[in-house]
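Take a look at the letters that make up each chain.
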Amino acid sequence: MTRLVAWTLAALLAVTGLALAGSGNSAEKPRLLSGAAWLPSARAGQLALLDGSTAEVAAQVKVSSGGRGLEVVQQGAHAYAVDTEEGALRRVDGATFAVTPALASGTPGARPIPDAREGLRAFASPDHLYAVDVEHGVFTEADAHTLARRGALQPLAADADAQSTVLDDTGTLWALDARTGDVDIIGAGRHTTRRHASTPGPGRLVLAGGSPVLVDLTRRTASLLRPGSGEAASTVPLELREGDEVTVSGSPGSPRVYVISRGVLTICEFRSTSCGSSVQLGDSGQGFGQAVETGGRLFVPNYRTGKVWIVDLAGTRVVAQPRVITPTTRFQLLTRDGVVFFNDPVSERAGVVRLDGEVVKVAKYDPARPDKGVVRPDVPQDDKQNRNNKDDRDGEAKPEPSATPLPPDPLPGPSQDVVPPPPTGNPPPPPTTTAPTRLPPTNGDDGASDPPTPSDSPSPSSTPRAITIAATTTAPTAGEGVGLEVRATDGGTAPRAAAWDFGDTLTGSGLSVTHAWNESRTVQVSVTATFDDGRTATTSIPIAVSARTVTLTVSNTGAGTVTGQGIDCGVDCQETLPAGTTVTLTAAGGTAADFRGWLGCAQPNGVVCTVTVDQNTTISSSFADVVSSGQAVVEGSYTVDLDNGRVGAGSWDIWWYQASFTQGLEESAQMTPGRGSSTGSTIVNLGVTDFQSIGPEQLPGLAYSTEAIPGGPDVPNQLVDGDVFAVRTKTGNYSKVLVVGRGRWDITIRWITYKSG
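Residues numbered from 1 in each chain as written. Predicted model: local features only at pLDDT ≥ 70, side-chain atom pairs only at ≥ 80, totals over all residues. Heavy atoms only, no water.

Enquirer: What's the story with the nonpolar core in this structure? I'm lost.
Expert: Nonpolar side chains in soluble globular proteins generally cluster together in the buried interior. In this structure, Leu484, Trp500, Trp517 and Val525 are the most contacted members of the largest nonpolar core, which totals 20 residues. The set of elements that each furnish at least two residues to this core consists of β34 (467-471), β35 (482-488), β36 (497-501), β39 (521-530) and β40 (536-545). Leaving out residues up to four positions away in the same chain, valine 525 has contacts with Ile469, Leu484, Trp500, Asp501, Phe502, Trp517, Thr539, Ser540, Ile541 and Ile543. The next biggest cluster of nonpolar side chains, apart from the first, holds 19 residues, and it includes Ala587, Cys601, Cys609 and Val613. (Core = buried A, V, L, I, M, F, W, Y, C linked by side-chain atoms within 4.5 Å. Buried < 20%, exposed > 50% of the residue type's maximum accessible area, 1.4 Å probe, protein only. Helix = DSSP H or I, 4+ residues; strand = E, 2+ residues; numbered from the N terminus. Contact = heavy atoms within 4.5 Å.)

Enquirer: When you look at the sheet that holds strand β15 (residues 183-187) in this model, what are you seeing that I'm missing?
Expert: Within a beta sheet, neighbouring strands are joined by backbone hydrogen bonds and run either parallel or antiparallel to one another. One open sheet holds the 4 strands; their spatial order is β13-β14-β15-β16, and the pairing between them is antiparallel. With partners counted over all chains shown, the strands left at the sheet margins are β13 (165-167) and β16 (190-194), one partner each. Direction aside, neighbouring strands of the sheet carry axes that sit 15° apart on average. (Pairing = 2+ DSSP bridges. Axes fitted to C-alpha atoms, helices over the stretch in contact; angles between N-to-C directions.)

Enquirer: Sorry, what's going on with the pattern of salt bridges here?
Expert: It is possible for side chains bearing opposite charge to pair when their charged atoms get close. Applying the stated rule across the entire model yields 23 salt bridges. Residues glutamate 86 and arginine 111 are paired through a salt bridge, measuring 3.0 Å at the closest nitrogen-oxygen approach. Taken together, the residues glutamate 86 in the loop between β6 (78-83) and β7 (88-92) and arginine 111 in the loop between β8 (99-100) and β9 (120-124) connect sequence positions 25 residues apart. For glutamate 86, a relative accessible area of 31% puts it in the partly exposed group. The partner of arginine 496 in a salt bridge is aspartate 532, with the nearest N and O atoms 3.9 Å apart. One end of the pair, arginine 496, is in the loop between β35 and β36; the other, aspartate 532, is in the loop between β39 and β40, with 36 residues separating them in the sequence. It is possible to trace a salt-bridge network through shared partners that takes in Lys307, Arg323, Asp572 and Glu575. (Salt bridge = Lys/Arg side-chain N within 4 Å of Asp/Glu carboxyl O.)

Enquirer: Is there a simple way to explain the state of the cysteines in this structure?
Expert: Covalent bonding between the sulfur atoms of two cysteines defines a disulfide. Summed over all chains, the structure comprises 3 disulfides. Each sulfur of the disulfide joining cysteine 268 and cysteine 275 lies 2.0 Å from the other. Classification of the bridge connecting cysteine 268 and cysteine 275 rests on its S-S torsion, roughly 105°, and on that basis the disulfide is right-handed. Judged by its relative accessible area of 1%, cysteine 268 is buried. Here cysteine 275 falls in the partly exposed class, since its relative accessible area comes to 24%. Here cysteine 569 is linked by a disulfide to cysteine 573, with a sulfur-sulfur distance of 1.9 Å. Taking the torsion about the sulfur-sulfur bond, which here is approximately 85°, the covalent link between cysteine 569 and cysteine 573 counts as right-handed. Each member of the pair cysteine 569 and cysteine 573 is classed as buried. Disulfide partners in the protein, listed by the sequence order of the bonded cysteines, are 1-2, 3-4, 5-6. (Disulfide = S-S within 2.5 Å.)

Enquirer: Where do I start with the sheet that holds β35 in this structure?
Expert: Strand order in this open sheet of 3 strands is β34-β35-β38, and the pairing throughout is antiparallel. Sheet topology places β34 and β38 (512-515) at the edges, where each strand pairs with a single neighbour. Shown here is a sheet whose adjacent strand axes are inclined to one another by a mean of 25°, direction ignored. By the bridge criterion, 4 bridges tie β35 to β38 in an arrangement that is antiparallel. Bridge assignment links leucine 484 to a residue of β38, and that residue is valine 513.

Enquirer: Got a minute to help me understand the confidence of the model for the protein in this structure?
Expert: Caution applies to low-pLDDT parts of the model: their predicted coordinates are not meant to be read in detail. Looking at the protein as a whole, the pLDDT averages 79, with 80% of positions reaching at least 70. Mean pLDDT across the elements of the protein bottoms out in helix α1 (residues 3-16) (35) and peaks in strand β56 (residues 723-728) (96). Of the regions scoring below 50 in pLDDT, residues 1-34 engages in 110 contacts with residues more than four places distant in sequence or in other chains. Low pLDDT (under 50) marks residues 379-458, which in the prediction has 58 contacts with non-local residues, meaning those over four places away or in another chain. (pLDDT = per-residue confidence, 0-100.)

Enquirer: Help me understand the pairing of strand β27 (residues 307-312) in this model?
Expert: Put simply, side chains in a regular strand alternate between the two faces of the sheet. For β27, the tally of buried residues reaches 6 of 6 residues, placing the bulk of the element in the interior. Neither face of β27 is open: one carries Lys307, Trp309 and Val311, the other Val308, Ile310 and Asp312, and all of them are buried. Sheet analysis places strand β26 (residues 297-302) next to β27, joined by 6 bridges and oriented antiparallel. Residue pairing for β27: valine 300 is matched across the bridge by tryptophan 309. Turn length for the β26-β27 hairpin, with the two strands adjacent in sequence and antiparallel, is 4 residues, and the turn residue glycine 306 shows positive phi of about 75°. When β27 meets strand β28 (residues 317-320), the two strands line up antiparallel, connected through 3 bridges. Note on β28: the bridge partner recorded for isoleucine 310 is alanine 320. Remark: 4 residues form the turn of the hairpin made by β27 and β28, two consecutive strands paired antiparallel; threonine 316 in that turn has positive phi of roughly 40°.

Enquirer: How should the packing of aromatic side chains be read in this particular structure?
Expert: How two aromatic rings sit relative to each other is set out by the distance from centre to centre and by the angle between their planes. One pass over the structure, following the stated rule, counts 9 aromatic pairs. For the pair tryptophan 38 and phenylalanine 97, a centre-to-centre distance of 5.8 Å together with 90° between the ring planes defines the contact as edge-to-face. Residue tryptophan 38 is found in strand β2 (residues 36-41), and its partner phenylalanine 97 is found in the loop between β7 and β8; the two are separated by 59 residues along the sequence. We note that tryptophan 38, like phenylalanine 97, is buried. (Phe/Tyr/Trp six-rings, centres within 6.5 Å; stacked < 30°, edge-to-face > 60°.)

Enquirer: Explain the side chain of threonine 329 to me, please; I cannot follow it from the model alone.
Expert: Counting through the fold element by element, threonine 329 comes out in the loop between β28 and β29 (332-336). There is a polar contact of 2.9 Å between the side chain of threonine 329 and the backbone oxygen of threonine 326. Aside from chain neighbours lying at most four places away, what touches threonine 329 is Tyr303, Asp344 and Arg349. (Polar contact = N/O pair within 3.5 Å; in protein donor to acceptor, adjacent residues only side chain to side chain.)

Enquirer: Help me understand unusual backbone geometry, please; the structure alone is not making it clear to me.
Expert: Omega for the bond connecting threonine 100 with proline 101 falls within 30 degrees of zero, at -10°, which places this linkage in the cis form. Examined against the element boundaries, proline 101 turns out to sit in the loop between β8 and β9. Even without glycine at this site, phenylalanine 97 takes up a positive phi of about 65°. By relative accessible area, which is 0% here, phenylalanine 97 ends up buried. Here the phi dihedral of leucine 147 falls at roughly 70°; this positive angle occurs in a residue that is not glycine. Turning to its location among the elements, leucine 147 is positioned in the loop between β11 (138-142) and β12 (149-155).

Enquirer: Before we go on, may I ask you to explain the pairing of β36 in this structure?
Expert: Here β36 shows a clear split, with Ala498 and Trp500 buried on one side and none of Ala497, Ala499 and Asp501 buried on the other. In this sheet, β39 lies alongside β36 in antiparallel orientation, the contact comprising 5 bridges. Bridge pairing in β39 places aspartate 501 opposite serine 526. Of the strand pairs in this sheet, β36 and strand β37 (residues 507-509) are connected by 3 bridges, and their pairing is antiparallel. Pairing of tryptophan 500 across the sheet is with glycine 508, part of β37.

Listed below in structure tokens is the structure:
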């Protein structure tokens, strides 16, 4: 994307005043501009501005030499880059993309805390910028523009870490000292401490509804704290076990927290002082990160699988599980105004996750040429003309940035209160036959104006009306009905009629309508409203229709695995798919289990199951549990315990018995079960047959006895190479045994023992 487009978007952010909800944001969990986010790329040393509505990179800004540690905190249109390798801060201006301190100066950036490195964090509000070193337990306030330190360093909770330091919506900084359980409260020029707020030991601080929540993992409680004092306003108990891996996050708009442990999401409401609803997220309880909420849905990252679990909060159910990145990547998940972003803070990988689970992947930069497209507003003045007169190494001429941000391009949709910048030069006088037009007041204008006169006041019938469309959802699935209603937004009378264009060749009429789309695509729904005085108004909204999705669940019995179409069960046993998808699943038991069969499979074929998933479907696979398996050489007159594979054990299932006869020095060998002993095992010979083809389901029905199997030489030898016999062990399990080879005094066997039932 050209610099012009990038500057235009930045100017739009600045002019329209798009800002963050709340007062500030940590570099660990940036909360974003409406539909746009600054995302770090540590390897390239860049911040990328990603437009969530188009999933395009609007700008790349160089902020460091590149390495491992780069984070970002966003306030308004501006970004603060936190370089944890250098312990330095840089500010990126949202209008000009200028970097402070300038990269051309050769400095690593501002260092408000001189000795900070990996523990450096930044917290920004409209009025304050805090720099915190959670490693050394100090903080300071810095100038939001120059990044210079204001005042001396101050002590903070000595053991505060990234999971226990937050900035609330009033601009107050909270920090938990896990060693003592104390909570530091910094705000309004005061620094107070609530002693022993938590039990010493592991704990968390998160924000819920803009207020701090203290999570005491030892007491297994979560407490909503009062502003100022830090006292608990409400406390809920948490159902946790000692040693659980626990992740806690808060709702941005409600006093509610989300707790994840052992693969289960629990929703805790402070209004009801309880944790009522739970959602199973998967077989594995490991790897889940902090959830983010938007549009009535919760997005839960799993670093182990590279997936995002999307939970419908109204129905408390999982609606999608898209894989956004390769497994084991520690990616970020961010949200703002209905747009969910994912980001690999190290590499170029990033993108957007829609409410329906659709994933749009974006490269923040070209890995082969990382500096291609980088904005360079800090070029020294004497170099600017030379650089503008030749192409850069990417083959693109870089236009000279103006000191004044470029005006935004007009946006489609309803009328906007964006006032264009004044023209340069002396404008021509207005025509004498036309009354002057008054612009609407801009943001910050009190709306006062001179009393209108008959000559310059528009008549009511010529004043445009403002309308909007209210939709029950803007992200339906194909076939789902969406309720649409047109409303007046200017305080005047409601429309009396409306004509709709649903964007799929179909139309409708009425102030309230319901429509469903049958195909997966984005449509532009428009409405023209008519008022009693004859005036009309038109507006439109996009509706992103996704394919109807269904959930395929694999249920395993036993120790085997099933793979196919995103399924890897035992680790990941569920996948959300477009309805009508044909899936091929393959069962694998290996040496640990034998496959028994399928349940619920439309087309089973041995270890392969083929099924067309047009509704939520569960396929069950059955594997036999194996208690022992292996291969061993058994010498003459030694025993074998087939339940644990021990040779010469005191407790045994088979005895390789050697009998000597004095007459003729003949020898007799046989495989003897627990006859005449207390073992109670029995045996049956199956002859030379395919060892692998004998399944665990066949073994219980064989005719076992206490008769030994002869092994020669003075009797017919049945235990030849390739012979298979079965044993019902002393504990009631079943074993199949293969004769691998024979010697004069020994026999080599291979066995698998299956758990009974």
